[in-house]
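Secondary and tertiary structure notes
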Amino acid sequence: MLTKRIIPCLDVDNGRVVKGLNFESIKDAGDPVELAAKYSEGGADELVFLDITASQEKRKTIKELVSSVAKVIDIPFTVGGGVNSMEDARNILLSGADKVGINTGAVKNPSLLTDLMTIFGKQCIVIAIDAKRNYSEDSTKTMFEENGKKFWFEVFIYGGKQGTNFDAIQWAKKATDLGAGEVLLTSIDKDGTKDGYDILLTKNVVDAVSVPVIASGGCGKPEDMYEIFEKSDVDAALAASIFHYEEQSVNRVKEILRGKNISVRL
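Rules used throughout
- Residues numbered from 1 in each chain as written.
- Predicted model: local features only at pLDDT ≥ 70, side-chain atom pairs only at ≥ 80, totals over all residues.
- Heavy atoms only, no water.
- UniProt positions renumbered as here; feature names shortened; annotations may be inferred.
- Core = buried A, V, L, I, M, F, W, Y, C linked by side-chain atoms within 4.5 Å.
- Buried < 20%, exposed > 50% of the residue type's maximum accessible area, 1.4 Å probe, protein only.
- Contact = heavy atoms within 4.5 Å.
- Helix = DSSP H or I, 4+ residues; strand = E, 2+ residues; numbered from the N terminus.
- Pairing = 2+ DSSP bridges.
- Right-handed = clockwise from strand over helix to strand, strands pointing away.
- Phe/Tyr/Trp six-rings, centres within 6.5 Å; stacked < 30°, edge-to-face > 60°.
- Lys NZ or Arg CZ within 6 Å of the ring centre and 35° of its normal.
- Axes fitted to C-alpha atoms, helices over the stretch in contact; angles between N-to-C directions.
- Parallel < 35°, antiparallel > 145°, perpendicular 65-115°, else oblique.
- Left-handed = near helix turned anticlockwise from the far one by under 90°.
- Nonpolar A, V, L, I, M, F, W, Y, C, P; charged D, E, K, R; others polar.

- An unreviewed UniProt entry annotates the protein chain as Imidazole glycerol phosphate synthase subunit HisF originating from Nitrosopumilus piranensis.
- Regarding the protein chain, the relevant UniProt record gives this comment under Sequence similarities (unreviewed entry): "Belongs to the HisA/HisF family."

Here's what the structure looks like:
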């Protein structure tokens, strides 16, 4: 049985780790290098670093900061933000990342995923999908119904600022068919709320693709991770707030999960 991965996330803006609510109301959460070292030593299976304003500000990811983080950790490291070309991805990997996360650049140019996979290998390419409920009816989309309301999940780009009219479940399948070896799936509706992951979204993306999926958005307590592992076949759970603000350590979360018969690496 494969162990489930627990992954802290560093959302970085202007060189600082930040945290928001539904991709808005951003507040400071600390120094990325210090936090990375703490998580690496504290039992994290991997680390995700997202330069959250790079695409929006049409600039590259801060290479120096990525390099500084890479030096203090000894776990797999995914970096995303502002990746629009082969050169962007190469620079991130040369700065010490193991995997490249790509969202806006892939939506704008889907064939980039195939190009990146061909050069760097499928295992290096993570498609980051930021999804939000869209309460319009559209027969071309994967429709759902909750509390009498119909909706589908729309992909957003530029740090959650712009809708794409892409169906998140269909896009996950297409992106992985094109070459992405992993999906980092974030629910914008749940982001920062601390009331649990979006199980409906996660389960449907996991069922649509044949590569590992990381659930993100909404984790407020270890029980939320237990629930997403129990109710979907997701491979990893990502969290930020509960770790940044010292509410939980990674190892403590893993002990709780193991006590509930979730297979994790202690």
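Having seen the structure, we can now continue with the description.
Comments concerning the nonpolar core
- Core analysis: the biggest nonpolar cluster contains 73 residues, and F77, I129 and M225 have the highest contact counts within it.
- Aside from chain neighbours lying at most four places away, what touches F77 is L47, F49, V66, V69, A70, G96, A97, D98 and K99.
- Counting residues in hydrophobic clusters, the runner-up holds 10 residues, among them L50, V126, A128 and L184.

Topic: the pairing of strand β12 (residues 213-216)
- Every second residue of β12 is oriented toward a common face, with V213 and A215 on one face and I214 and S216 on the other, all of them buried.
- Judged from the four bridges that link them, strand β11 (residues 182-187) and β12 form a sheet pairing that is parallel. Each residue of the ladder has a partner; that of T186, found in β12, is S216.
- This β-α-β element, β11 to helix α7 (residues 199-208) to β12, shows right-handed connectivity.
- Read from β12 through helix α8 (residues 222-231) to strand β13 (residues 236-239), the crossover connection turns out right-handed.

Quick notes on the UniProt feature "active site" (unreviewed entry) in the protein chain
- Within this numbering scheme, the UniProt entry marks D11 and D130 as carrying the feature "active site" (unreviewed entry). Taken along the chain, the residues just named run across 120 residues; in space they keep tight, none of their C-alpha pairs more than 13.6 Å apart.
- Structurally, D11 is set in strand β1 (residues 5-13).
- Excluding anything up to four places from it in sequence, D11 contacts R16, V17, V18, K19, L50 and I52.
- One can find D130 in strand β7 (residues 125-134).

Observations concerning the packing of aromatic side chains
- As enumerated under the stated definition, the model contains seven aromatic pairs in all.
- With a centroid separation of 6.3 Å and an interplanar angle of 85°, the aromatic rings of F49 and F77 are classed as edge-to-face. Of this pair, F49 sits in strand β4 (residues 47-51) while F77 sits in strand β5 (residues 77-80), placing them 28 residues apart in sequence. Residue F49 shares its accessibility class with F77, and that shared class is buried.
- Centre to centre, the rings of F151 and F153 are 5.5 Å apart; their planes meet at 85°, and the pair counts as edge-to-face. F153 carries the same exposure label as F151, and that label is buried.
- Following the ring pairs from residue to residue traces out a cluster consisting of Y135, F144, F151 and F153.
- Above the plane of the ring of Y135 lies K149, whose end atom (NZ or CZ) is 5.9 Å from the centre.

Re the environment of K161
- By the secondary structure assignment, K161 is in the loop between β9 (149-157) and β10 (162-167).
- With 31 residues separating them in the primary sequence, K161 and G192 have C-alpha atoms 16 Å apart.

Some points on the packing of α7 against α8
- Direction vectors running N to C along α7 and α8 enclose 40°, while the axes themselves pass 10 Å from each other. Between α7 and α8, the crossing angle belongs to the class labelled oblique. Remark: the crossing between α7 and α8 carries right-handed chirality. Taking contact as the criterion, the partners of I199, T202 and K203 in α7 are, on α8, E227, I228 and K231.
- Considering only residue class, the contact of α7 with α8 consists of two nonpolar, one polar and three charged.

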